[in-house]
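Take a look at the letters that make up each chain.
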Amino acid sequence: MKNNLLVHLGLAILRILPSGFMLTHGIPKFQNLISGNTEFPNPLGIGSAPTLFLTVIGEMICPILLIIGLKTRWAAVPAAITMAVAAFVVHGGDPFAKKELALLYFTCFVVVFLLGPGKYSIDKK
C-alpha cells in the first residue's frame, strides 16, 4: 500500500514540476503571440507564426493540462514533440550542453505519456 502511494506521488511530481518549469519558457512566447510579435525561428519551414503557435501549445497549453492531470497522455505528446524539435532540429548541430535541457524535458514528457498521470489527477477522478 505504501509503495503504491509513493508511485502515485512520484508520477504527480514527474508530471507537475517539469510542466511548471516549462511554463517559464511558454508564457513569454504566449505573450509575444498575443501581442502580435510573431518573430520566431522557423526550423521546420512552416512559417514563423505557425511555429510560434505550435510552440505555445507545446510549452504552455499542454503543460497546464499536465499540471492538472487533464487529458494527460494526449497533452504529453505535443510537449514531447516540441522538445524533440528543440533538441534535434533547433539545437541539432549544437554541443550536448545546449540540447540537454530540451532532452530532459523530452524524457519527462515521454515517461508521463508511457506511465500516465497517476491517481492524483483529474483524469483519475
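Scroll up for the structure.
**Focus: the overall build of the protein chain**
- When its secondary structure is counted, the protein chain shows four helices and zero strands.
- Counting helices and strands in the order they occur from the N terminus, the protein chain gives α-α-α-α.
- For 125 residues, the compact-globule estimate of 2.2 N^0.38 gives 14 Å, and the protein chain sits close to it at 15 Å.
- Dimensions of the protein chain, computed from C-alpha atoms along their principal axes, come out at roughly 50 × 35 × 20 Å.

**A word on a nonpolar patch on the surface**
- Taken together, the side chains of Leu5, Leu6, Leu9, Ile13, Ile16, Leu17, Phe21 and Tyr120 make up a nonpolar region of the molecular surface, amounting to roughly 700 Å² of accessible area.
- Along the chain, Ile16 turns up in helix 1 (residues 2–35).

**Here's the deal with unusual backbone geometry**
- One non-glycine residue, Lys71, adopts positive backbone phi at about 50°.
- By the element assignment, Lys71 lies in the loop between helix 2 (48–68) and helix 3 (72–90).

**Points about the packing of helix 3 against helix 4 (residues 96–115)**
- Put simply, helix 3 and helix 4 touch, their axes get as near as 8 Å, and they point 155° apart. Between helix 3 and helix 4, the angle is such that the two are roughly antiparallel. Where helix 3 crosses over helix 4, the handedness of that crossing is left-handed. In this structure, helix 3 contributes Thr72, Arg73, Ala76, Val77, Ala79, Ala80, Met83, Ala84, Ala86, Ala87 and Phe88 to the contact, and helix 4 contributes Lys99, Ala102, Leu103, Tyr105, Phe106, Phe109, Val110, Val112, Phe113, Leu114 and Leu115.
- Residue classes in the contact of helix 3 with helix 4 are distributed as 19 nonpolar, one polar and two charged.

**As for helix 3**
- Helix length check: helix 3, at 19 residues, gives a terminal C-alpha distance of 26 Å against a target of 27 Å (1.5 Å per residue), a fit within 8%.
- The set of residues buried in helix 3 consists of Thr72, Ala75, Ala76, Ala79, Ala80, Thr82, Met83, Ala84, Val85, Ala86 and Ala87.
- Buried positions along helix 3 lie against helix 1, helix 2 and helix 4.

**A look at the environment of Gly26**
- Note that Gly26 resides in helix 1.
- Beyond its immediate stretch of four places on either side in the chain, Gly26 contacts Glu59 and Met60.

**So, the layout of surface pockets**
- Counted as a void, the largest pocket has a volume near 580 Å³.
- Lining the largest pocket are 26 residues, and of these Thr55, Glu59, Thr82, Met83 and Ala86 sit closest to its centre.
- Of the residues forming the lining of the largest pocket, the biggest block, seven residues, is contributed by helix 3.
- Tallied by class, residues from the lining of the largest pocket come to 17 nonpolar, six polar and three charged.

**A short note on helix 2**
- Between its first and last C-alpha, helix 2 extends 30 Å over 21 residues, near the 30 Å set by a 1.5 Å rise per residue.
- Taken as a whole, helix 2 carries its principal kink of about 35° at Ile57.
- The complete set of buried residues in helix 2 reads Thr51, Leu52, Thr55, Val56, Gly58, Glu59, Met60, Cys62, Pro63 and Leu66.
- Buried positions along helix 2 lie against helix 1, helix 3 and helix 4.

Cut-offs used in this document
Within any chain, residue numbers begin from 1 and follow the written order of that chain's sequence. Predicted model: local features are reported for residues with pLDDT of at least 70 only, side-chain atom pairs are reported and counted for 80 or more only, and whole-chain, interface and lining totals are derived from all residues. As a rule here, side-chain values cover all heavy atoms of the structure and leave hydrogens and water aside. Secondary structure elements are taken from DSSP: a helix is a run of H or I of four residues or more, a strand is a run of E of two residues or more, and numbering for both begins at the N terminus. Only C-alpha atoms enter the radius of gyration, while the globule expectation follows 2.2 Å times N to the 0.38, with N the number of residues. Think of a patch as exposed residues, more than 30% relative accessible area, with no salt bridge, where like charges cluster within 9 Å and nonpolar side chains (Val, Leu, Ile, Met, Phe, Trp, Tyr) cluster within 5 Å. Areas reported here follow the Shrake-Rupley algorithm with a probe of radius 1.4 Å; residue values treat only the protein chains shown as occluding. A pairing counts as a salt bridge when a side-chain nitrogen of Lys or Arg comes within 4 Å of a carboxyl oxygen of Asp or Glu. To get an axis, a line is fitted to the C-alpha atoms, and for a helix only the part in contact is used. The angle between two axes follows their N-to-C directions and goes from 0 to 180 degrees. An angle below 35 degrees is read as roughly parallel, one above 145 as roughly antiparallel, one from 65 to 115 as roughly perpendicular, and any other as oblique. Should the near helix be turned anticlockwise from the far one by less than a right angle, the crossing is termed left-handed; should it be turned clockwise, right-handed. By definition in these notes, contact holds between two residues if any of their heavy atoms fall within 4.5 Å. Note on residue categories: nonpolar means Ala, Val, Leu, Ile, Met, Phe, Trp, Tyr, Cys or Pro, charged means Asp, Glu, Lys or Arg, and polar means any other residue, Gly included. By definition here, a helix of n residues has an expected span of 1.5 Å times n minus one. Here the term buried applies to any residue with accessible area under 20% of the maximum for its type, exposed to any over 50%, and partly exposed to those in between, with areas from a 1.4 Å probe on protein chains only. Here a cavity denotes a set of grid points, spaced 1 Å apart and computed over the protein atoms alone, in which a 1.4 Å probe fits but from which it cannot get out, and a pocket denotes an open set meeting protein on both sides within 12 Å along at least five of seven lines; residues with an atom within 4 Å of a point are reported as lining. Grid points are joined across faces, edges and corners, and a volume is the space filled by probe spheres set on the points. Values of bend correspond, residue by residue, to the angle between axes fitted over the seven residues ending at that residue and the seven starting there.

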